[in-house]
Amino acid sequence: MAGKFARSWALMKASATVLRSDKSLLVFPMLSGLCTLLVAASFLIPVAVMAIGGEHVGQDFHQRMSLGAYLLMFAFYLVQYFVIIFFQTALTGVALMHLRGEPTSVAAGFALARARLPHIFGYALIAATVGLVLRMVQERLGLIGRLVIGFLGLAWTVATFLVVPILASQDVGPVDAVKRSVELLKRSWGENLIGNGGIGVVFSLLMLLAALVAAVLIGGAVASQSIVAIVFAVVVVVLGFILLGLVQSSLHGIYAAALYRYVESGEASVGFDPALLEQAFRSKQK
C-alpha cells in the first residue's frame, strides 16, 4: 500500500509538471465552474420565488411541488452533469494531446468536446439517472440510506473514473465507455483509487491550511477596522480558494488522462517516468 501511494504521489507531481507547462488547462475548470453556477441559479432562483409565493397558496401548492420535485431534480442533474462532463472532456482531450507531445490549444479542446456532444449528453443522462436513484434511496432509508449511498457513490465514482478520457479519445457511446472504464479499471484499480484519493487528501489539507490563513487575514483586517483592508482580505481569500479548486480539477483531468493512456496503449506520456508507469499500471496478477 505504501508503495502504491508513493507511486501515485509521484504521478500527481508529474501531473503538476504538465499543468505548469500548459497553464491554459486551467481555463476549462474555470469556465465549468462559472457555467455550473449559472445553471444552479437558473434552477434555484425560480424555485425559491415559487416557494415564497406558494406560502400563501396552501397545501395544494406544496403537493404539486412534491410531485414535480424529482422531475425538476432530474432536469437539474442532467444539465449540471452535461456542463461538467463537456468541460472535463475538453480538458482531458487537451491533456491527452499534451501527453502525446502534440500541439495543444483551448480551441482544440472545445472542438473535440463539441464533436462528442451526443456521447457527452448520453453519459450525462446516465449520470443524472444514477444520481437521482441514489438520492431517492437515501431519502427512503434514512441513516442506512446515507451509508448505502456513500458506498454506492464511491463505487460509481471509481468505476467511471476513465469514462471521460475514453469519450475524449474514442468515438464510442456512453454505455460502451462505462463498460470500457470498468474493464480498464480491473488492471489498475489500486492506482486509480489511491491516486485520485491522494489528490483529494492533498487538496483537503491545502484547503484546511488556506482556511487558517484566511481566518488570520480576515481577522487582522477586521481588527484594523479598515474597510479597504477587509475587502482586500476577502478578495484574496476568495481568489485563493478558487485557484486551489481550479488546480485540483486540472490535476484530476491530467492524472486520469495519463492513467488511461498507459493502461489503454502501454505508451509512456511526455513528462511521466516510463519505469514509474510500468510499476504503477502493470496488470494485476491473477
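All values derive from a computational prediction rather than experimental measurement. (Residues numbered from 1 in each chain as written. Predicted model: local features only at pLDDT ≥ 70, side-chain atom pairs only at ≥ 80, totals over all residues. Heavy atoms only, no water.)

Visitor: Would you mind showing me how to read the overall build of the chain here?
Guide: Helix and strand content of the chain: nine helices and zero strands. Starting at the N terminus, the α and β elements of the chain follow one another as α-α-α-α-α-α-α-α-α. Long-range pairs, those at least 24 residues apart, make up 75% of the contacts in the chain between residues at least 6 apart in sequence. For the chain, the computed accessible surface area is about 15,300 Å², with 72% contributed by carbon and sulfur atoms. (Helix = DSSP H or I, 4+ residues; strand = E, 2+ residues; numbered from the N terminus. Contact = heavy atoms within 4.5 Å. Areas by Shrake-Rupley, 256 points an atom, 1.4 Å probe, with all protein chains shown as cover.)

Visitor: I keep staring at the nonpolar core and nothing clicks. Help me out?
Guide: For soluble globular proteins, the rule of thumb is that nonpolar side chains tend to be buried together. Among the nonpolar cores identified, the biggest contains 54 residues, and Leu25, Phe28, Leu162 and Ile166 are the most heavily contacted of them. Secondary-structure elements contributing two or more residues to this core are helix H1 (2-21), helix H2 (27-54), helix H3 (59-99), helix H4 (106-115), helix H5 (117-159), helix H6 (163-169), helix H7 (174-224) and helix H8 (227-265). When residues of this core are assigned to their parent elements, the largest contribution, 14 residues, is made by H3. Look past the residues within four positions of Leu162 in its chain and what remains in contact with it is Ser181, Leu184, Ala256, Leu259 and Tyr260. (Core = buried A, V, L, I, M, F, W, Y, C linked by side-chain atoms within 4.5 Å. Buried < 20%, exposed > 50% of the residue type's maximum accessible area, 1.4 Å probe, protein only.)

Visitor: Which parts of the structure should I look at to understand the confidence of the model for the chain?
Guide: A low pLDDT means the predicted coordinates there should not be read in detail. Residue-level pLDDT values for the chain average 79, and 76% of them are 70 or greater. For the chain, per-element mean pLDDT is lowest for helix H9 (residues 274-280), which scores 59, and highest for H4, which scores 95. Low pLDDT, under 50, characterises residues 56-65; the predicted model gives this stretch seven contacts beyond four residues in sequence or across chains. (pLDDT = per-residue confidence, 0-100.)

Visitor: Would you mind showing me how to read the pattern of salt bridges here?
Guide: Two side chains with opposite charge may pair up if their charged atoms get near one another. Using the criterion set out here, one finds two salt bridges in the structure. The salt bridge partner of Glu102 is Arg100, with a shortest N-O separation of 3.0 Å. For Arg100, a relative accessible area of 37% gives the class partly exposed. Between Glu183 and Arg180 there is a salt bridge, and its shortest N-O distance comes to 2.6 Å. Here Glu183 pairs with Arg180, and both are found in helix H7, just three residues apart, close to one helical turn. Glu183 gets classed as partly exposed once you look at its relative accessible area, which sits at 39%. For Arg180, a relative accessible area of 18% gives the class buried. (Salt bridge = Lys/Arg side-chain N within 4 Å of Asp/Glu carboxyl O.)

Visitor: Sorry, what's going on with the packing of aromatic side chains here?
Guide: Any pair of aromatic rings gets described here by the distance separating the centres and the angle formed by the planes. Summed over the entire model, instances satisfying the criterion amount to ten aromatic pairs. Their ring planes at 80 degrees and their centres at 6.4 Å tell us that Phe161 and Tyr255 sit as a pair that is edge-to-face. Of this pair, Phe161 sits in the loop between H5 and H6 while Tyr255 is found in helix H8, placing the two residues 94 residues apart along the sequence. Its relative accessible area of 2% is what places Tyr255 among the buried residues. Site record: aromatic cluster; members linked through ring pairs are Phe28, Phe82, Phe86, Phe87, Phe110 and Phe121. (Phe/Tyr/Trp six-rings, centres within 6.5 Å; stacked < 30°, edge-to-face > 60°.)

Visitor: What exactly am I supposed to notice about the side chain of Arg116 here?
Guide: For Arg116, the position within the fold is in the loop between H4 and H5. Within the structure, the side chain of Arg116 is placed 2.6 Å from the backbone oxygen of Leu167, a separation counted as a polar contact. There is a polar contact of 3.4 Å between the side chain of Arg116 and the backbone oxygen of Gln170. (Polar contact = N/O pair within 3.5 Å; in protein donor to acceptor, adjacent residues only side chain to side chain.)

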